[in-house]
Amino acid sequence: MCGIYASFSLNAEKRVFEGLKRIEYRGYDSWGVATLVDGKLELKKEVGKLSGQKNIKFAESKLCLGHTRWATHGEVTKINAHPHLAKNKSFALVQNGVVENYQEHKSKLIDDGYNFISKTDTEIIVGLLEKEMEHNSEKNLSTSSFINVFNKLAGRNTVVVITTQGRIMAIRDGSPLVVGRNSKRELYFSSDVLSMSPDVDEYLVINSGQIAVFNSSDSCFEITDIKTGKRVGVEFIPLEHKLDLANITMDIGKDSYESYMFKEIHEQSNMLLNVIRDSKQKFAVAVEMIKNARQVFTLGCGSASYATGNTAYLLRKIGILALTVEAYEANSYLELLNNGSEKSVCIVFSQSGETADTNEVVELMKRKGVKIISVVNMPGSTLTQLSNLSFMLQVGPELAVASTKAFLGQALWGIIISDILSGSKFNDLEIKINEFEYKLKEWFANKKIQNNIKKIAKNLTKHEHVFVLGRGDLYYAGLESALKLKEISYIHAEGFSSGELKHGVIALISKGTPVLCLVAEDENKANMLSAISEVRARGGKTIVIAKENNELYSNWIQLPDTNDYIFLSSIIPSQLMTCYMAVEKGYDVDKPRNLAKSVTVK
Ligand code: F6R
């Protein structure tokens, strides 16, 4: 959460402003830029999204530091936006993370006479640095003062400062930070690799527990391990090389689509094969790890948790003891990890690879000896580094905040692994996925189906609540559909198993209540139809996503003409509906309120 972009380059102010737009998915309630002009630091901050901003005038500068904020401490105001300036104006600072002991530091600083102007935990770091400088009689912030203060902070924090002396200093703990450079010897710092692609040719990842320092006066760039105090080798990786490896298209434009989310939904008919392509050997290794495991855990947050939930469900269905761990409730699973945990495997899904709730449990499991298999979509992410075996989803950059194609890729990965474990041949799976993509393309191109979805979505905007029923193979598809509806169109959507209906939820069904039902042509169909009848008997309106129509359905959304991968196809109508509903209500589809793409704080 929160995005950092810094640059030492010609017209750094423009480079940083454009770079911030590319990482705005990380937080977009306010933004700010500090520029070094004629030896003095100047600040510009605004509340609101940066993408719509035009005619912002910055003085020309070679050294700039920018930030897009996702508020944790202190409301969304210009004062609370980063960067924060030292009182003597010798440095400007941005932070990603949370200073967990900020109250303790704040009261001490206030006792010492420090005058806080913002309500952020970030200003604590500024105050502590200024105190440290005073103590060391420093005019300019030194690396050792920076490290001393960093060591006093509890929690995970990535902090970057620029100084009037033309230095950039950055410490990473948790939230990611990458450095890039180009042939003009210009240097960039950013929260992600992709955002730097227009500006740099090569990059390196700063690891947690490292400090990177750049002196613009002599272009010296060094990285040091904070604990050992030892220099770390600086090895830049060509950007193209890494991106080729990840088979990631650099297409980060919207094309003719009105939103990234709409584009990414449509790309789902084009990228599923990437999940399996080039991974034959890795799947074979994963299969052996799972076969030999005493216990299999699956782990993820939000949408990723539904993909991992479904994966565990599929593994259980083929007789493998698999348990889904809720990352934020992981403590209750700890006792299960005490004996023989080195014989356990945890399958972790994360689009970003930077989700703090997920990575913290991964670290804990690793300490207990659990083997980690991760499926990530972002090259160079922390989760990849933490894993024993890591898959790259290769579905291409997902820039809309709500997950669509990454979720489908994760869910497909789970289906593939359980299919291989139950004896399917890799080549047959490739053919099957290829055919499914073809059917999906046909379905997207079918105007009648698409217009029907649009019409149903328009009607749904008149309602405040919708219930989503799934069961068996479509239980997690129902939960994910409900989450998509909530996130973008802000309708209260509640997903549950249709079996739960008569145990309580039915009390909420009355005349006209919309109930979205996901029906597969399988052994659960009869139970789903009973639930649908029960809803209709109470005047509820059933919108049913299914392959075939039935007189019990008030509205029918037709699925693609295939019996394969119904879990995947049955989610897509809700992805589309939520976009249509958001557009109808005038909401920002790509940047829904209060959310951020990469949840790097706990
Ligand atoms: C929902 C969504 C979130 C993420 C969750 C995990 O549309 O995007 O629920 O799935 O925050 O994020 P990653 O996959 O980056 O670990």
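To start, this report covers the structure provided alongside it. Since the structure is predicted, the reported quantities are computational estimates derived from the model, not experimental observations.

### Observations regarding the pairing of strand β18 (residues 344–350)
Across the 7 residues that make up β18, a large majority, 7, are buried. Of the two faces of β18, both are covered, the one formed by Ser-344, Cys-346, Val-348 and Ser-350 as well as the one formed by Val-345, Ile-347 and Phe-349. Looking at chain direction, strand β16 (residues 295–300) and β18 are connected through 5 bridges and run parallel. Each residue of the ladder has a partner; that of Leu-299, found in β18, is Val-348. Pairing geometry for β18 and strand β19 (residues 371–376), over 6 bridges, is parallel. Residue pairing for β19: Cys-346 is matched across the bridge by Ile-372. Considered for its hand, the β-α-β crossover made up of β18, helix α10 (residues 356–367) and β19 is right-handed.

### Section: the side chain of Asn-157
Tracing the chain through its elements places Asn-157 in strand β7 (residues 157–163). Among the polar contacts made by the side chain of Asn-157, one reaches the side chain of Gln-95 at a distance of 2.8 Å. Non-local contacts of Asn-157, meaning those with residues more than four positions away in its chain, are made with Gln-95, Asn-96, Gly-97, Val-98, Val-99, Phe-150, Ile-171, Arg-172 and Asp-173.

### As for the site of the ligand
Near the ligand, the surroundings consist of 14 residues, among which Ser-350, Gln-351, Ser-352, Thr-355 and Glu-487 are the closest. Contact between the ligand and Ser-403: an oxygen atom at 2.9 Å from a main-chain N or O atom of the residue. With the chains in place, 90% of the 410 Å² that the ligand exposes on its own is no longer accessible. If you list the elements that add at least two residues to the shell around the ligand, you get α9 (303–317) and α15 (475–489). Across the shell around the ligand, the residue classes break down as 5 nonpolar, 7 polar and 2 charged. Two domains each put at least three residues into the shell around the ligand: domain 2 (250–445) and domain 3 (446–602).

Scoring rules and cut-offs
- Residues numbered from 1 in each chain as written.
- Predicted model: local features only at pLDDT ≥ 70, side-chain atom pairs only at ≥ 80, totals over all residues.
- Heavy atoms only, no water.
- Buried < 20%, exposed > 50% of the residue type's maximum accessible area, 1.4 Å probe, protein only.
- Helix = DSSP H or I, 4+ residues; strand = E, 2+ residues; numbered from the N terminus.
- Pairing = 2+ DSSP bridges.
- Right-handed = clockwise from strand over helix to strand, strands pointing away.
- Polar contact = N/O pair within 3.5 Å; in protein donor to acceptor, adjacent residues only side chain to side chain.
- Contact = heavy atoms within 4.5 Å.
- Near = heavy atom within 4 Å.
- Areas by Shrake-Rupley, 256 points an atom, 1.4 Å probe, with all protein chains shown as cover.
- Nonpolar A, V, L, I, M, F, W, Y, C, P; charged D, E, K, R; others polar.
- Domains from an automatic or database assignment.

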